[in-house]
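# Examining the three-dimensional arrangement
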Amino acid sequence: DTEVTQTPKHLVMGMTNKKSLKCEQHMGHRAMYWYKQKAKKPPELMFVYSYEKLSINESVPSRFSPECPNSSLLNLHLHALQPEDSALYLCASSRMLANTGELFFGEGSRLTVL
Amino acid sequence: AQSVTQLGSHVSVSEGALVLLRCNYSSSVPPYLFWYVQYPNQGLQLLLKYTSAATLVKGINGFEAEFKKSETSFHLTKPSAHMRDAAEYFCAVRAKMYSGGGADGLTFGKGTHLIIQP
């Protein structure tokens, strides 16, 4: 079982909706990540929070908004999405003291935008 | 910028045969390299990682990989394929990410779909 928990597992939303994806880890990791994965493609990094400080992939549109309430929680707020935003959204965490550390991934949230 | 290239989007082997999945890296500094596996509709699971402690790295499920600096490679192997090995495999390198905090993240190769023939 993964130690990174994502909810919901599936989400269907219209283009005018506002929704959020949630992620939680209790491994004491101080870095958390959002990745987007389209079908048959590799994951692409969207955002990183390291000690609650945000790093951004500047190609990600502003309709995606990350939030890190504390070091264990990560949210991705979704607003006015487009059908092409339909994808698997993966959350991950890692230790930050060693840059050799692997990322631990959740099972993902499958998003469908109608 | 650090990156990895996976050769072969699909690899098909017979059950019991050797599995070889290729990954080459591009890095101006010693890289930290990883292999992940993804089963359908699931997240990514770490198979093994290279962090310069040893060039031959053993991972889970009987997989191993050898870091070869002269060839800039980190190929994944398994002596005998099993049906349960059918999945998508990603090679990844740890790299500095984007603007703002400059945190590390993983950059993935395009992936190799492993097919096991009975």
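Now for a look at the structure at hand.

Scoring rules and cut-offs
- Each residue is numbered by its place in its chain's sequence as written, counting from 1.
- To read the labels, note that chains go from A and ligands from 1, taken in the order they are written.
- Where local features are concerned, this predicted model is filtered to residues with pLDDT of at least 70; where side-chain atom pairs are given and counted, the filter is 80 or more; whole-chain, interface and lining totals use all residues.
- Side-chain metrics in this entry use all non-hydrogen atoms of the structure; hydrogen atoms and water are not considered.
- Put simply, DSSP marks the helices as runs of H or I at least four residues long and the strands as runs of E at least two long, and each gets a number from the N terminus on.
- Radius of gyration means the value over C-alpha atoms here, while the globule rule gives 2.2 Å times the residue count to the 0.38 power.
- A simple rule labels every residue: compare its accessible area, found with a 1.4 Å probe on the protein chains alone, to the largest value its type can have, and call it buried under 20%, exposed over 50%, or partly exposed in between.
- Residues are treated as being in contact if the distance between any of their heavy atoms lies within 4.5 Å.
- Two parts placed together each lose some accessible area; with a 1.4 Å probe, that loss summed over both constitutes the buried area.
- Take a side-chain nitrogen of Lys or Arg and a carboxyl oxygen of Asp or Glu: if they are within 4 Å of each other, that pair is a salt bridge.
- Distance and chemistry together define a polar contact, namely a pair of N or O atoms within 3.5 Å, with one atom able to donate a hydrogen and the other to accept it when in protein, and with adjacent residues in sequence counting only for side-chain atoms on both sides.
- The residue classification treats Ala, Val, Leu, Ile, Met, Phe, Trp, Tyr, Cys and Pro as nonpolar and Asp, Glu, Lys and Arg as charged. All others, Gly included, are polar.
- Each Phe, Tyr or Trp ring, with Trp reduced to its six-membered ring, pairs with another whose centre is within 6.5 Å; inter-plane angles below 30 degrees give stacked pairs, above 60 give edge-to-face pairs, and intermediate values give tilted ones.
- What we call a nonpolar core is a set of buried Ala, Val, Leu, Ile, Met, Phe, Trp, Tyr and Cys residues that are connected through their side-chain atoms within 4.5 Å.

## Notes on the overall build of chain A
Across its full length, chain A holds zero helices and eleven strands. Expected size for 114 residues packed as a compact globule is a radius of gyration near 13 Å; at 13 Å, chain A falls within 12% of this value. In terms of its C-alpha atoms, chain A occupies a principal-axis envelope of roughly 40 × 30 × 25 Å. Across the 114 residues of chain A, 46% fall into the buried class.

## Brief notes about the interface of chain A and chain B
Listed as interface residues are 29 residues of chain A and, on the opposing side, 26 residues of chain B. A buried area of about 2200 Å², summed over both sides, lies between chain A and chain B, and 54% of it is on carbon and sulfur atoms. Here chain A is connected to chain B by one salt bridge. B:Lys49 is paired through a salt bridge with A:Glu102; the nearest N and O atoms lie 2.7 Å apart. Remark: the boundary between chain A and chain B carries seven residue pairs in polar contact (both at pLDDT 80 or more). Those elements that provide at least two residues to the side of chain A that touches chain B are strand S4 (31–37), strand S5 (44–50), strand S6 (53–56) and strand S9 (87–94) of chain A. At four residues, S6(A) tops the list of elements feeding residues into the side of chain A that touches chain B. Taken together, the residues of the side of chain A that touches chain B sort by class into 13 nonpolar, nine polar and seven charged.

## Concerning the packing of aromatic side chains
Summed over all chains, the structure comprises 13 aromatic pairs over all chains. For the pair B:Tyr50 and B:Phe67, a centre-to-centre distance of 4.0 Å together with 10° between the ring planes defines the contact as stacked. Highlighted residues: B:Tyr50 in strand S5 (residues 44–50) and B:Phe67 in strand S7 (residues 64–68), separated in sequence by 17 residues. Relative accessible area serves as the criterion here: at 8%, B:Tyr50 is assigned to the buried category. Residue classification places B:Phe67 among the buried positions, given a relative accessible area of 9%. Connected via pairs of aromatic rings, a cluster forms that spans A:Tyr33, A:Tyr35, A:Phe105, B:Phe34, B:Tyr36, B:Phe90 and B:Phe108.

## Some thoughts on the nonpolar core
In terms of nonpolar packing, the biggest core is built from 26 residues, with B:Trp35, B:Leu48, B:Phe74, B:Leu76 and B:Tyr89 touching the most fellow members. Broken down by secondary-structure element, the contributors of at least two residues to this core are strand S2 (10–14), strand S3 (19–26), strand S4 (33–38), S5, S7, strand S8 (73–78), strand S9 (87–96) and strand S12 (112–117) of chain B. When sequence neighbours within four positions are dropped, the list of residues in contact with B:Phe74 reads B:Cys23, B:Leu33, B:Phe34, B:Trp35, B:Leu48, B:Lys49, B:Tyr50, B:Val57, B:Ala65, B:Glu66 and B:Phe67. A:Val4, A:Cys23, A:Met32 and A:Leu76 belong to the second largest nonpolar core, which has 22 residues in total.

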